[in-house]
Amino acid sequence: GKLQEIRTRWVVDASGRRRLIARTLEIPAQIGLRKDVAYFAHFTGCAETSPRGQVAIGRLAEGWSWRIPLRDRLSMGVVLNKSVAAQFGTTPEERLENAIRADPVLSEVAKSAKRITEVAAYTNYQLISERSFGPGWVAIGDAFGFVDPMLSPGMWIALHSAEFLADHWDDLPAYEAEMSAMIQGWNDLIAYYYDGRMFSMYFAGLEIERRYGKFLSRIFRSHIETHIACMASGGTTTSRYNQGLIRFLARYMISASAPARWAIR
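Now for a description of the structure that goes with this document.

The rules behind these values
- Residues numbered from 1 in each chain as written.
- Predicted model: local features only at pLDDT ≥ 70, side-chain atom pairs only at ≥ 80, totals over all residues.
- Heavy atoms only, no water.
- Helix = DSSP H or I, 4+ residues; strand = E, 2+ residues; numbered from the N terminus.
- Buried < 20%, exposed > 50% of the residue type's maximum accessible area, 1.4 Å probe, protein only.
- Pairing = 2+ DSSP bridges.
- Core = buried A, V, L, I, M, F, W, Y, C linked by side-chain atoms within 4.5 Å.
- Contact = heavy atoms within 4.5 Å.
- Phe/Tyr/Trp six-rings, centres within 6.5 Å; stacked < 30°, edge-to-face > 60°.
- Lys NZ or Arg CZ within 6 Å of the ring centre and 35° of its normal.

**Concerning unusual backbone geometry**
Glycine aside, a negative phi is what most residues show, and trans is what most peptide bonds show. Backbone geometry at Arg19 places phi at a positive 50°, although glycine is not the residue there. Here Arg19 lies in the loop between β1 (11–13) and α1 (20–24). Judged by its relative accessible area of 7%, Arg19 is buried. Notably, Glu26 is not glycine yet its phi reads approximately 55°, a positive angle. Summarising the element assignment, Glu26 is placed in the loop between α1 and β2 (29–31). For Glu26, a relative accessible area of 68% puts it in the exposed group.

Take a look at the structure:
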């Protein structure tokens, strides 16, 4: 309730998805192709995830879900196309509850659950500002751009953007190029998830194991899983080797028609 004027050489926008500077200056943004919305809340009394303590990502008939075990509760959410979400009710609470009830895995996990938080809703999953800096200001993390939270890259990108900016105050174009490359690398990776190619690669790996035995296929599989996991965590998302590896697998390891079966609608 108190207004005051503060003069400074730089303002760092770390306002997250509110994007205060970008909105104030009306900076255009690139919006992704998907029109999804997420609904999630925290629950107690849920069945444990398996393996215990692991994040579980599920493919729904329409969309996908997550289950993240926390210390004394479970974060459970669904990501749906906006047109599909409308079929589950008119409020975030109705849509989350009905989406959980409609999925056999989620309904079993939550059959004795109690929701202990409000239901949060996120939209505009893929949005990147056309500029990350200007005279006297620079944006970091989600205030510059945010991508689909599949496997939660936001924390990594936010921390890396702050760290990289601290070392490049004298070269903001280099900072913008670094962050743009990271966000684009993540967008490329999640495209494999949404169009079904990531699922297809997994099942192709199982088929290779069945045909050629477990010894050699396990070495091959371990190498692939390690590199894809490092990409998904954010650590090596922009690695040329990792990007080349996943492109090679998508081109030569799966048939052209297989991904359509596993695409996230």
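And the narrative resumes.
**Some remarks on the sheet that holds β2**
Strands in a sheet are paired, the pairing made by backbone hydrogen bonds, and the direction either parallel or antiparallel. An order of β2-β9-β12 is seen for the three strands of this open sheet, with the pairing classed as antiparallel. The open sheet is flanked by β2 and β12 (145–146), the only strands paired with a single partner. In the sheet, strand β9 (residues 127–129) pairs with β12 via two bridges, with the strands oriented antiparallel. Following the sheet pairing, Leu127 is matched in β12 by Phe146.

**Looking at the nonpolar core**
By size, the foremost hydrophobic cluster in this structure holds 43 residues, and its most contacted members are Trp64, Tyr175 and Tyr194. In this view, Tyr175 contacts Ser132, Val138, Ala139, Ile140, Ser161, Phe164 and Leu165; residues no more than four positions away in its chain are not counted. The next biggest cluster of nonpolar side chains, apart from the first, holds 18 residues, and it includes Cys46, Ala85, Ala99 and Val109.

**What to know about the packing of aromatic side chains**
All told, the structure shown has ten aromatic pairs when counted by the stated rule. Taking the centre distance of 5.5 Å and the plane angle of 35° together, the rings of Tyr193 and Phe199 count as tilted. Residue class for Phe199 comes out partly exposed when judged on its relative accessible area of 22%. Between Tyr202 and Phe203, the ring centres sit 5.3 Å apart and the planes meet at 75°, which makes this aromatic pair edge-to-face. Look at Tyr202 and you get partly exposed, because its relative accessible area is 44%. Exposure remark for Phe203: the relative accessible area of 36% places this residue in the partly exposed category. Ring pairs connect the aromatic residues Phe40, Trp64, Trp66, Tyr122, Tyr193, Tyr194 and Phe199, which therefore count as one cluster. Residue placement shows Arg17 over the ring face of Tyr122; its charged tip is 4.7 Å from the ring centre. Above the ring of Phe146, the side-chain terminus of Arg17 is found at 4.3 Å from the ring centroid.

**Brief notes about the side chain of Ser65**
Secondary-structure assignment places Ser65 in strand β5 (residues 64–69). When neighbours within four sequence positions are excluded, Ser65 is seen to be in contact with Ala56, Ile57, Gly58, Leu60, Gly77, Val78 and Leu106.

**Some remarks on the sheet that holds β1**
Reading across from one edge, β1-β11-β10 is the order of the three strands in this open sheet, with mixed pairing throughout. Looking along the sheet, the strands with just one partner apiece sit at the ends: β1 and β10 (133–134). Strand direction decides the pairing type here: β1 and strand β11 (residues 137–139), joined by three bridges, are parallel. Opposite Val11, over in β11, you have Trp137 as the bridge partner.

**Some points on the side chain of Ser200**
Positionally, Ser200 belongs in helix α7 (residues 197–212). Residue Ser200 is classed as buried on the basis of its relative accessible area, which comes to 4%. The residues contacting Ser200, other than those within four sequence positions of it, are Ile254, Ala258, Pro259 and Trp262.

**A word on the pairing of strand β6 (residues 74–81)**
In terms of residue burial, β6 counts as a mostly covered element, since seven of its eight residues are buried. In this structure, strand β3 (residues 36–44) lies alongside β6, joined through eight bridges in antiparallel fashion. Along β6, the bridge assignment pairs Ala41 with Met76. For β5 and β6, the ladder comprises six bridges, and the chain directions are antiparallel. Residue Trp64 lies in a different strand from β6, and its bridge partner there is Val79.

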